[in-house]
Amino acid sequence: MEVNTAARSDIDADRQDGFSPVEEFERQPVPPRARLGFGSFLGMYAGEHTAGTELMIGPLFVAHGVSAVDFILGLLVGNALAVLSWMLFCAPIAVRARLTLYYQLEKICGRTLVTTYNLANGVMFTILAGAMITVSATALGVWFDFRMPGLDDATPTSVGWVLAVVVMGLLFAVCAAYGFKTISKFANIAAPWMVLVFLTFGLITLRRFIDATGTVIESPGDLWAMCKTAIWKGGQPLAGRAKFTFWHVMFFAWFCNMAWHIGLSDLSVFRYARKAWYAIASAAGMYIGHFMAWICASLLFAYQLHIDPSNTDVHPGPMTYEAAGLTGLLCVVIAGWTTANPTMYRAGLAFQAIMPKRSRFAVTLATGVCATIAAAVYPKVTMRLLDFVAIWALILMPMGAVIFVDFWLIKKFGLRSNWAEWSGRSFNWAAGLAWLITLTVCTMLVQFGGIVDGLAARGLLNLSPERMQWLKETFTIEIFFVSLPGWFMTAILYIGISKLYQSRIRPAVEERR
Amino acid sequence: MRNLLRSLGWLSLVLLTAPSAAYLAGWLSLETVKLLMLIATVLWFVSAGLNVKINGHADRAHPMTEGELTQ
């Protein structure tokens, strides 16, 4: 998952070589002199997608009962689709408009709606930072031997755990508030090391599997057979988890960075690209971080389950310590820290945009404290990280659909693009309603089974059990899949509501002018 | 000095990964691998840290998104 803004500093640094670093081009297109070559993007994406989140995401695939074929093929295809999304959705708009996501959104949606978007983004970043604190705190569990939350624990399981989270979280928060740039520099130094440590987790755990299963590896076929029968065995998922198929893996790999590619957050990055095809550089991040790193992290948990099927706890600290000793523990702490640092900082910036009179230090610190509290009292978010990432994608994706339609299609329907800028209004109701309705409908589709049961319990729906079952199976969409129809829904709604809205508002605006 | 630090950096990354590959091949014990990885880790952070300090690359690090969310 992409969260490490520190790695983006290479691009930023390149920018600084040619002109003043204060020129961020926040409200103007990036000029030709500031544009960057392919290498800058390759380095950025290669570094930023191997983060602390991978240590949780990889194991959770195993918890969802994925099979070897579904896992490997799903990751290959899903990551390819993610790269194509950057290339075909994000970069073409970025190199034409050359504006940040936020300025582009402001022109279309108005400042008030952008503020709402910032708030949603800030909340999600805060929760993610909390998950990273949880990951790092599991490293302390190795030394202090307190009881850590299990896969199904929604609340803290020991005082030691809460203390570890609080210490780790406050340390991260103070660092993010005081020394964001220092930690960013450190993150840049740590990135190549971290990628290789992930690789070593995989190599070491493969050997341990070979020894534990007594497999003789004489050909790639033998290795693949072991993967299918001992590592990613498929079968039933752990209790309370959805069974993952190829489609789950593919959609998760595609959509876990949906906010960035289809959601168009990376407009802010690719506005510096000389050519749109530079977005193929995202493949470096996908196939190092979301392929190699996920596979290696999943091996750690699969081995733990192989040795003790009753041990379903996903604790990166103990798992990596078993495999790589102190280096593994350091990797957990550094991965969590270098991910939480920019995450808290970005969340802080989002909130500061809403409360501009507060200092960035105070807001970042407060954000860090909120993330710490979330991590300490509700570890379930971390244990449900796959679901959380899918929800994040769903929440931010509609704004990408709005920009896409506004940029490419809306004029073909006789409507005006950049409506908020043109009309001088601070809230484009067409975009706001398209966002809200999409989120409501998608949430209802995900929760459809529960809604049907609820209606039946209140006597509002009187159907036979077979009919109820059919209804639930037909209309319920899992959170991992709902963003795709959601994108089309937003696009259609935005055009439809704009037809009504622009025709009513335009005369008033023209009169006023 | 720069070349020395760069070589040391590459060497540490090789020392980080090669033992785990050797362990996969059955040539080293896990305890030895863990020790070598720890040495490689120290070597990497020292060499990369010094490299940044001496050659000034650390000044290149600064958040790209700083101005983006505050608009």
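Residues numbered from 1 in each chain as written. Chains lettered and ligands numbered in written order. Predicted model: local features only at pLDDT ≥ 70, side-chain atom pairs only at ≥ 80, totals over all residues. Heavy atoms only, no water.

Topic: the overall build of chain B
Summing up its helical and strand segments, chain B has two helices and zero strands in all. Within chain B, buried positions represent 46% of all 71 residues. In chain B, the proportion of contacts linking residues at least 24 apart, taken out of those at least 6 apart, comes to 64%. Total accessible area computed for chain B in this model is approximately 3600 Å², and 69% of it derives from carbon and sulfur atoms. (Helix = DSSP H or I, 4+ residues; strand = E, 2+ residues; numbered from the N terminus. Buried < 20%, exposed > 50% of the residue type's maximum accessible area, 1.4 Å probe, protein only. Contact = heavy atoms within 4.5 Å. Areas by Shrake-Rupley, 256 points an atom, 1.4 Å probe, with all protein chains shown as cover.)

Observations regarding the packing of aromatic side chains
Residue and element names in this part refer to chain A. Within the structure shown, the criterion is met by 44 aromatic pairs over all chains. A centroid spacing of 4.8 Å and a plane angle of 65° characterise the contact between Tyr178 and Phe361, whose relative ring orientation is edge-to-face. Within this pair, whereas Tyr178 is found in helix α7 (residues 159-213), its partner Phe361 is found in helix α13 (residues 360-377), the two being separated by 183 residues in sequence. Among the aromatic residues, those joined into a cluster by ring pairs are Phe38, Phe41, Tyr45, Trp86, Phe270, Trp277 and Tyr278. Sitting over the ring of Trp470, Arg467 keeps its end group 5.3 Å from the ring centre. (Phe/Tyr/Trp six-rings, centres within 6.5 Å; stacked < 30°, edge-to-face > 60°. Lys NZ or Arg CZ within 6 Å of the ring centre and 35° of its normal.)

Considering the nonpolar core
Taken as a class, soluble globular proteins show a tendency for nonpolar side chains to be buried jointly. All names here are of chain A. Trp232 and Phe270 are the most contacted members of the largest nonpolar core, which has 180 residues in total. Broken down by element, the residue count for this core peaks at 19 residues, all from α7. The residue makeup of this core includes at least three contributed by each of domain 1 (5-383) and domain 2 (386-513). Residues contacting Trp232, with those up to four places away along its chain left out, are Val62, Val66, Ser67, Ala68, Phe71, Ile72, Cys227, Ile295, Ser298 and Leu299. (Core = buried A, V, L, I, M, F, W, Y, C linked by side-chain atoms within 4.5 Å. Domains from an automatic or database assignment.)

Here's the deal with the pattern of salt bridges
All names here are of chain A. For the structure on display, the rule yields eight salt bridges over all chains. Residues Lys472 and Asp453 are paired through a salt bridge, measuring 2.9 Å at the closest nitrogen-oxygen approach. Taken together, the residues span a long stretch of sequence, with Lys472 in helix α19 (residues 465-475) and Asp453 in helix α18 (residues 448-457) at a distance of 19 residues. Judged by its relative accessible area of 18%, Lys472 is buried. Looking at Asp453, the relative accessible area reads 36%, which means it is partly exposed. Several salt bridges share partner residues, and in doing so they unite Arg27, Glu106 and Arg111 into one network. (Salt bridge = Lys/Arg side-chain N within 4 Å of Asp/Glu carboxyl O.)

Notes on the domain arrangement of chain A
Residues and elements named next belong to chain A. As assigned here, chain A comprises domain 1 (5-383) and domain 2 (386-513). A separation of 27 Å is found between the C-alpha centroids of domain 1 and domain 2. At the junction of the two partners, domain 1 supplies 46 residues and domain 2 supplies 36 residues. Carbon and sulfur atoms supply 80% of the area that domain 1 and domain 2 bury against each other, a total of about 3600 Å² over both sides. In this structure, Glu421 engages Lys107 in a salt bridge whose closest nitrogen and oxygen atoms are separated by 3.2 Å. Mapped onto the side of domain 1 that touches domain 2, the elements with two or more residues apiece are α3 (52-63), α4 (68-97), α5 (101-109), α6 (111-144) and α9 (246-255). For the side of domain 1 that touches domain 2, the element with the highest residue contribution is α6, accounting for eleven residues. (Buried area = accessible area lost by both parts, 1.4 Å probe.)

Concerning α18 of chain A
All names here are of chain A. Buried residues of α18: Phe448, Gly449, Val452 and Gly454, and no others. Its buried side turned inward, α18 meets α17 (429-446) and α19. Backbone geometry just downstream of α18 places Gly459 in the positive-phi region, at approximately 75°.

A look at the environment of Asn118 of chain A
Residues and elements named next belong to chain A. In this fold, Asn118 is placed in helix α6. What makes Asn118 buried here is its relative accessible area of 1%. Separated by 255 residues in sequence, Asn118 and Ile373 have C-alpha atoms that sit 21 Å apart.

A few points about the environment of Ser29 of chain B
All names here are of chain B. Along the chain, Ser29 turns up in the loop between α1 (2-24) and α2 (30-55). Take Ser29: its relative accessible area is 38%, and that puts it in the partly exposed class. At a separation of 2.7 Å, a polar atom in the side chain of Ser29 contacts the side chain of Thr32. (Polar contact = N/O pair within 3.5 Å; in protein donor to acceptor, adjacent residues only side chain to side chain.)

Brief notes about unusual backbone geometry
Residue and element names in this part refer to chain A. Although it is not a glycine, Arg98 sits at a positive phi angle of roughly 55°. Along the chain, Arg98 falls in the loop between α4 and α5. On the accessibility criterion, Arg98 (5% relative accessible area) is buried. We note that Asn418 has phi near 45°; this positive angle belongs to a residue other than glycine. Given the relative accessible area of 18%, Asn418 is considered buried.

Some remarks on the confidence of the model for chain B
Within chain B, residue pLDDT values average 81, and 77% of them lie at 70 or more. Note on residues 58-71 of chain B: pLDDT is under 50 here. Beyond four places in sequence and across chains, it has 57 contacts. (pLDDT = per-residue confidence, 0-100.)

Thoughts on the packing of α3 of chain A against α6 of chain A
Residue and element names in this part refer to chain A. Relative orientation of the contacting elements α3 and α6 amounts to 80°, with a least axis distance of 9 Å. For the element pair α3 / α6, the angle class is roughly perpendicular. Note on element contacts: α6 touches α3 through Leu128, Met132 and Val135, opposite Gly52, Thr53, Leu55 and Met56. In terms of residue class, the contact of α3 with α6 is built from five nonpolar, two polar and no charged. (Axes fitted to C-alpha atoms, helices over the stretch in contact; angles between N-to-C directions. Parallel < 35°, antiparallel > 145°, perpendicular 65-115°, else oblique. Nonpolar A, V, L, I, M, F, W, Y, C, P; charged D, E, K, R; others polar.)

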